[in-house]
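# Coordinate analysis (summary)
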Amino acid sequence: MAGSCTTAHDSRPTDLPESAIDIARWLNGVEYGSDSSPVLFLLDVCGAGAATHYQLFQDVPEGDRRAWVIAACTADESAFDARFTKAAAQALERLHPPTGQI
């Protein structure tokens, strides 16, 4: 995750950052958009902690924050083998076991 963007499976190395996912845009959209619904971002990508750094500079008062980020690792660390995603899914399943219905 370089800066506030992260690559996706279909990102084009020759077309970065345009083909990457702009996490800052997502955070800004939640914080400054017209929808007041809170959003929790679970980021399981290398350097995901950069998104939490970005939030520090958004200048949103703590009581007014609508976007929260839980990152798999710090801005200068790597995420491995979707460990964070697997652990989060397992914890959520414990809270609400699947019923087999879609």
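### Points about the overall build of the protein chain
Assigned secondary structure in the protein chain consists of three helices and four strands. The order of α-helices and β-strands along the protein chain, N terminus first, is β-β-α-β-α-β-α. Per-residue burial over the protein chain gives 28% buried out of 102 residues. Counting contacts in the protein chain only where the partners sit at least 6 residues apart, residues at least 24 apart contribute 66% of the total. Surface exposure of the protein chain reaches about 7,300 Å², of which carbon and sulfur atoms provide 56%.

### What to know about the side chain of Gln-58
Assignment of secondary structure puts Gln-58 in the loop between helix H2 (50-56) and strand S4 (67-71). For Gln-58, a relative accessible area of 5% translates into the label buried. Within the structure, the side chain of Gln-58 is placed 2.9 Å from the side chain of Asn-28, a separation counted as a polar contact. At a separation of 3.3 Å, a polar atom in the side chain of Gln-58 contacts the side chain of Arg-65. Not counting the four nearest positions on each side in its chain, Gln-58 is found in contact with Leu-27, Asn-28, Glu-31, Tyr-32 and Arg-65.

Calculation notes
- Residues numbered from 1 in each chain as written.
- Predicted model: local features only at pLDDT ≥ 70, side-chain atom pairs only at ≥ 80, totals over all residues.
- Heavy atoms only, no water.
- Helix = DSSP H or I, 4+ residues; strand = E, 2+ residues; numbered from the N terminus.
- Buried < 20%, exposed > 50% of the residue type's maximum accessible area, 1.4 Å probe, protein only.
- Contact = heavy atoms within 4.5 Å.
- Areas by Shrake-Rupley, 256 points an atom, 1.4 Å probe, with all protein chains shown as cover.
- Polar contact = N/O pair within 3.5 Å; in protein donor to acceptor, adjacent residues only side chain to side chain.

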